[in-house]
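# What the coordinates show
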Amino acid sequence: GLDKHGEQRTAVCCLSSMNLETYMEWKDHPTMVEDIMRFLDNVIQDFIERAPDSMERARYSAMRERSVGLGVMGWADMLVRLGIAYDSQEGVDLGRKVMEFLNEESRNASEKLAETRGVFPAWEESIWGADKAAVRADGSRIRPERNLRNCNLTTVAPTGTISIFAGCSGGIEPLFAVAFMRNQAGSLMPDVNPDFVRMAQEGGWYSEELMENIANEGHIHFDEVPEDIQRIFRTAHDIPPEWHVRMQAAFQEHCDSAISKTTNFPREATEEQVREIYELAFGLGCKGVTVYREGSREGILQTDDDAKKNEEAEAEKV
């Protein structure tokens, strides 16, 4: 986009995502956000000092705003560990509470950095400063005045690759699948969520045959799996679209930037159902919304069962 002077605005992506599965008791780690914010601000400074001439616009933007993005991953894993269903009011309320805590702690940490490093150069003309940009037409402030080192502080990124490295669920997405078949040295072997395996073993209903059936079918709706376990291991396609959006909106309430979140639809979804989700996202204050209808694109992650259905649907067209 363009800045207030009509110049092309180029942003620098400086992100860090906390693994909520690791920080289950996040309030017991009072300095964790402060440490992350100091690290991100150091990264911004390093970029400003080392950026080549070809990235002058990005360097200028980083220098003026010093925007960073503290986010999360492992959200679905955290809910599983707590025994809370993703598509529940309890889950949505907890998501709002977690993001509110991280958002406020990031601002506190940024204020502390500003005490020794100074506020970001564009502070005066931002929503945090004293300039008219911080005031609405009716005279009320957009944000309370705060002396921050960084303009934007929080976001929720997809975390696709880093969540794989960390061995946790991505961003604030639900689990995609509890189990799937992985090709290991030419042999297909079931790869099952470790929490699911642990609960199955502790509950006495674990079997290799069940794990393989779950991986092949792409769901856990088998008689051997207790109802309470099925409830907390709800996957992306089990969750009604509106709950995808409600979770996104809960995190958006306390997030400076936008949220990366996909609303999953079955192949049979209608245009009207998609329209309802867009309108719900708008009404709940989401800054954006992403809809994926199963089978609408090739090369997208899917379960074996979904792949079979897509193949059958394509065969019917011939």
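Residues numbered from 1 in each chain as written. Predicted model: local features only at pLDDT ≥ 70, side-chain atom pairs only at ≥ 80, totals over all residues. Heavy atoms only, no water.

### Observations regarding the overall build of the chain
Secondary structure assignment for the chain yields eleven helices and six strands. Buried positions account for 45% of the 318 residues belonging to the chain. If you take every contact in the chain between residues at least 6 apart in sequence, the share linking residues at least 24 apart comes to 69%. (Helix = DSSP H or I, 4+ residues; strand = E, 2+ residues; numbered from the N terminus. Buried < 20%, exposed > 50% of the residue type's maximum accessible area, 1.4 Å probe, protein only. Contact = heavy atoms within 4.5 Å.)

### Brief notes about the side chain of Asn19
Looking at the element boundaries, Asn19 is found in strand S1 (residues 15–19). A polar atom in the side chain of Asn19 sits 3.0 Å from the backbone nitrogen of Glu21. In this view, Asn19 contacts Met73, Gly74, Ala166 and Cys168; residues no more than four positions away in its chain are not counted. (Polar contact = N/O pair within 3.5 Å; in protein donor to acceptor, adjacent residues only side chain to side chain.)

### Observations regarding the side chain of Gln230
Examined against the element boundaries, Gln230 turns out to sit in helix H8 (residues 227–232). Judged by relative accessible area, which is 11%, Gln230 ranks as buried. Polar side-chain contacts of Gln230 include one of 3.3 Å to the backbone oxygen of Phe222. Apart from residues lying up to four places away in sequence, Gln230 is in contact with Ile220, His221, Phe222 and Val225.

### Side note on the packing of aromatic side chains
Under the criterion given, the structure shown has three aromatic pairs. Geometrically, the ring pair formed by Trp75 and Phe251 is edge-to-face, given 5.3 Å between the ring centres and 80 degrees between the ring planes. Here the residue Trp75 occupies a position in helix H3 (residues 75–82), and Phe251 occupies one in helix H9 (residues 241–252), the gap between them amounting to 176 residues. Comparing Trp75 with Phe251, the two get one shared label, buried. Judged by centre distance (5.2 Å) and plane angle (85 degrees), the rings of Phe196 and Phe233 are edge-to-face. With Phe196 in helix H6 (residues 194–203) and Phe233 in the loop between H8 and H9, the pair connects residues that are 37 residues apart, well separated along the chain. The same class applies to Phe196 as to Phe233, namely buried. (Phe/Tyr/Trp six-rings, centres within 6.5 Å; stacked < 30°, edge-to-face > 60°.)

### A word on the state of the cysteines
Applying the stated criterion to the full structure yields zero disulfides. Here Cys13 stays free of any disulfide, with the sulfur of Cys14 as its closest cysteine sulfur at 7.9 Å. (Disulfide = S-S within 2.5 Å.)

### Here we look at empty space enclosed by the protein
Per the counting criterion, the structure on display carries two cavities of 30 Å³ or more. Empty space within the largest cavity amounts to approximately 60 Å³. If you trace the largest cavity, you find it lined by Ala76, Leu79, Val80, Ile84, Tyr86, Pro174, Leu175, Ile232 and Arg234. A total of three residues in the lining of the largest cavity trace back to one element, the largest contributor, which is H3. When grouped by side-chain class, the residues that make up the lining of the largest cavity number eight nonpolar, no polar and one charged. Of the voids in this model, the second largest cavity is the one considered here, and its volume is about 50 Å³. For the second largest cavity, the full set of lining residues is Ala177, Val178, Ala179, Ile214, Gly218, His219, Ile220, Phe233, Thr235 and Asp238. (1 Å grid on protein atoms, 1.4 Å probe; cavity = no way out; pocket = protein on both sides within 12 Å on 5 of 7 lines; lining within 4 Å. Points joined across faces, edges and corners; volume = space filled by probe spheres on them. Nonpolar A, V, L, I, M, F, W, Y, C, P; charged D, E, K, R; others polar.)

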